[in-house]
Structure formats: structure tokens, C-alpha cells
Amino acid sequence: MNVQPTAPILDQAAEFQKVRLPEGHPDVKAGKVGVLLVNLGTPDATDYWPMRRYLREFLSDKRVIEWPKAIWYPILYGIVLMTRPGKSGKAYEEIWNHEKNESPLRTITRSQSDKLTDMLGDANGRLKVDWAMRYGQPSIPDKLKALKDAGCDRILVFPLYPQYSATTTATVNDVVCKTLIDMRWQPAIRTVPPYHDDPIYVNALAKSVERHLESLDFEPETILTSYHGIPQSYFKRGDPYHCHCMKTTRLMREVLGMDETKLRTTFQSRFGPEEWLQPYTDKTVEQLAKDGMKNIAVMNPGFVSDCLETLEEIAGEAGEIFEEAGGENFTHIPCLNDSDLGMDVLNTIVRRELGGWI
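Residues numbered from 1 in each chain as written. Predicted model: local features only at pLDDT ≥ 70, side-chain atom pairs only at ≥ 80, totals over all residues. Heavy atoms only, no water.

A. How the structure looks around unusual backbone geometry. Residue Gln137 is joined to Pro138 through a cis peptide bond whose omega torsion reads -5°. Along the chain, the position of Pro138 falls in the loop between strand E2 (127–136) and helix H5 (140–149). The amide bond that connects Gln278 to the next residue, Pro279, takes the cis arrangement and shows omega of 5°. Relative to the elements of secondary structure, Pro279 occurs in the loop between strand E6 (263–268) and helix H10 (281–290). Positioned with a positive phi, Ala123 is a non-glycine residue whose angle comes to about 50°. The backbone phi angle of Ser269 is positive, close to 65°, even though this residue is not glycine. Within the element layout of this structure, Ser269 appears in the loop between E6 and H10. (Helix = DSSP H or I, 4+ residues; strand = E, 2+ residues; numbered from the N terminus.)

B. Highlighting the pairing of strand E5 (residues 222–228). Along E5, six of the seven residues are buried, which leaves the element largely enclosed by surrounding structure. Relative to strand E7 (residues 295–299), E5 runs parallel, the two being bridged by four bridges. Residue Leu224 lies in a different strand from E7, and its bridge partner there is Val298. Bridging between E5 and E6 involves six bridges; their strand directions are parallel. Bridge assignment links Thr225 to a residue of E6, and that residue is Thr265. (Buried < 20%, exposed > 50% of the residue type's maximum accessible area, 1.4 Å probe, protein only. Pairing = 2+ DSSP bridges.)

C. Region of the structure containing the packing of aromatic side chains. Under the counting rule described, the total for this entry stands at 11 aromatic pairs. Between the aromatic rings of Tyr92 and Trp96, the centroid separation amounts to 6.2 Å while the plane-to-plane angle is 80°, which identifies the pairing as edge-to-face. Just as Tyr92 is buried, Trp96 falls in that class too. With centroids separated by 5.8 Å and ring planes inclined at 75°, the aromatic side chains of Phe158 and Tyr195 adopt a geometry described as edge-to-face. Taken together, the positions of Phe158 in strand E3 (residues 152–159) and Tyr195 in the loop between strand E4 (188–191) and helix H7 (199–214) put the pair 37 residues apart, joining distant regions of the chain. Lying over the aromatic face of Trp357, Arg190 brings its terminal NZ or CZ to 4.1 Å of the ring centre. The ring of Tyr280 carries the charged tip of Arg270 above its face, separated from the ring centre by 4.0 Å. (Phe/Tyr/Trp six-rings, centres within 6.5 Å; stacked < 30°, edge-to-face > 60°. Lys NZ or Arg CZ within 6 Å of the ring centre and 35° of its normal.)

D. A look at a negative patch on the surface. A cluster of like negative charges, contributed by Glu93, Glu94, Glu317, Glu320, Glu323 and Glu324, occupies part of the molecular surface. Elements with a minimum of two residues in the negative patch: helix H3 (69–95) and helix H11 (308–324). Ranked by residues supplied to the negative patch, first place goes to H11 with four residues. You can call Glu317 partly exposed: its relative accessible area is 36%. (Patch = residues over 30% accessible without salt bridge, like charges linked within 9 Å, V, L, I, M, F, W, Y side chains within 5 Å. Areas by Shrake-Rupley, 256 points an atom, 1.4 Å probe, with all protein chains shown as cover. Salt bridge = Lys/Arg side-chain N within 4 Å of Asp/Glu carboxyl O. Lys, Arg positive; Asp, Glu negative; His and termini not counted. Charge placed at Lys NZ, Arg CZ, Asp CG, Glu CD.)

E. The arrangement of the sheet that holds E6 in detail. Strand order in the open sheet made by the four strands is E6-E5-E7-E8, with parallel pairing throughout. Unpaired on one side and paired on the other, E6 and strand E8 (329–333) mark the two borders of the sheet. Within this sheet the neighbouring strands show an average axis-to-axis angle of 25°, counted without direction. Strands E5, E7 and E8 of the sheet are contacted by H7, whose axis makes an angle of about 140° with E8. (Axes fitted to C-alpha atoms, helices over the stretch in contact; angles between N-to-C directions. Contact = heavy atoms within 4.5 Å.)

F. Representation of the packing of H10 against H11 within the structure. Closest axis-to-axis distance for the H10/H11 pair is 8 Å, and the angle between their directions is 35°. Viewed along their axes, H10 and H11 form a crossing whose handedness is right-handed. Counting all contacts with H10, which are made through Thr281, Asp282, Val285, Glu286 and Ala289, the residues of H11 involved are Ile314, Ala318, Ile321 and Phe322. (Left-handed = near helix turned anticlockwise from the far one by under 90°.)

G. Region of interest: H11. Bending of H11 peaks at approximately 30° at the position of Ile314. Among the residues of H11, Leu308, Glu309, Thr310, Glu312, Ile314, Ala318, Gly319 and Phe322 are the ones counted as buried. Tucked inside the fold, the buried residues of H11 contact H3, E5, E6, H10, E7 and E8. One or two residues past the end of H11 sits Gly326, with phi positive at roughly 115°. (Bend = angle between axes of the 7 residues up to and from the residue.)

H. Fine view of the state of the cysteines. What the rule picks out here adds up to zero disulfides. Cys177 takes part in no disulfide bond, and the closest cysteine sulfur to it belongs to Cys152, at a distance of 18 Å. (Disulfide = S-S within 2.5 Å.)

Okay, here's the thing in C-alpha cells:
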């Protein structure tokens, strides 16, 4: 069902558009509402320079790496950006969408935006849905300005991270606020809060597990819910991310009727010398196989869309680790992506957060 604006709001917007401006007055576009989906980011290509640009932007973010610049930048520019673009480029090449010449994250995020547009409708021309990336293109500033130029004086920004972290949600909000600084006529802004414990999200995850298990010819002895990690020091300084992840898994257990041995929480993608949230996914996968477990499944509840960290690191690398350590059957449960379950989550949350605007 399309979002239907109330009559007073429609009348107000229509009257605004009919106002005759004095001669010489700048053109005015207003009365529309924008929705901007924001995902983490993606390189434009897999070769050295596009990968370097992407990694430089990502790893220069003080929310991502909290070390003092005097310590971090010599390492970043002297070592990391000299070696990591080649390694990361090869990893991206393994999961690259060669038909569209883009990463799966870009393909899926665009599709989510398109499908959400169809689900919401345009509210008689008043509603516009678009998407952006925190790192890489299309950028948040470019998309916010485009929505404003199209007449959106109210914009809902949706950081696509179910669990809040300063390294993800907060850095999206940082860029949004910095973009507003340069706007003479700022739109009203809302940001979607974390939804790690929202029933629509938890039930969608549980249903995706059930569907995937039904498609297998074996039964996993355990399922890992693997979340992207953050350094322990961030958690100790007050980042709620660990708590949000643990709650998501706990609520999934309740819906699925599983205990802590059947549905376990792990953390992946650690980087650098610091201690990160544990248990580590790769170490857990290896140990389970060594302990005699033959069949496991891994899913990524913290990722709205499949990407490098889910397709290459988990579906590929973690599966190899499990089999090399003695495991037999490994399966990766896809992210919600633009599936019917995933789109129901986005649609429900956006409709709720647009309350009073449309």
C-alpha cells in the first residue's frame, strides 16, 4: 500500500507551489520529503588506485581508527595504503559483479532503494527515495544536496546498520551534519535509530534462517551469528555495539527456540594489533572443526546487504578454514538483502519514521 499523505499536508504543499513569487525572486522548490538509505561504501573498481582512494577515505575516518593522527597516519600512508589496496582488490575481484562492473553492495543497495520506492509510492509527487555510500560513491553530501535541490525540505536519513556503533551509524550522522553546515536553507533532518531489537527485524532474520535450513541436505550442528568486530577499547569507552549484537542473537534464539550452543555470537574482520570483540569468528570456526563438529552454518545479522565481509570473508574464507580443519559441510546464510523479508523490514521502519511527515 502506498503512503497516503493527509489532506491538510497535501493542500499546504499544493498551495506553496502555487505561490507567485515576486519578480527577480530566486526559484523555490519545497514541500517534498526525501528518504536516503546509506550503506557503508564500496570502491569503484578493484585495481590499485580505486582501492587506495576507497581505503584512504575509510581508514582516515577518526571514528573508525581512533588513534592520534601523529601515530596512525605514518602507518596508514607508509604501510597500509602501499600494501592493502592490492590485497583487498584481489578479494573484491572474487565477489565482483562483473555484469554491472560494480560490487555486490552497490548492486543490492540500489535495488533496495528501487524496491522501497515502489513499496512506498511517491505520495502524489511529494516523496523521493535515494541511496548513498558513507565511503565512495555516490556520496552522502551529493545525494543530500540533490534531494534538497529537488524540493525536499524534510529528509529521513537511514544508516543501514541495525546495531549502533560510533564506527558506523555515528559516522554517517557526522557527514550529514557537516553537509548541512554549507546549506543556507537546511532541510529538516531525521535519522533512523538502531533497530537491533525491532520485532520486524528479528523475525525476518529468524525466518531467513528457517528458509535456508529447509533448503539444505544436512542439518547444521550449530549456527554462528557473525558480526563485524570493533576494538575492545571502543566498547570500554561506551560504544553500545557489543550489547546490541548480543541482544539481537538472544532475541533470535527466543524466536527460533534455540539455546546458546545452537545459536552462537562471534565477531569477524579484526584489523591491526589491538584486541577486538571476542570470540573471533575464524578462530571459532577452526576450533569447532577440530573438536569434531562436521556441519555448521554462519550468518551475518549486522549486515543489511551481502558484501566483501560476508561473501569473501565468511562464505569463502571461513568455509575453507572449517573444511581444512576437518569440517565437512559449511553453509553461509545470506543477508536479508532485497528479499521480501529484507524489504519488509526497510518498508516498516521507514513508514514508522516518516510519521507526521507523510
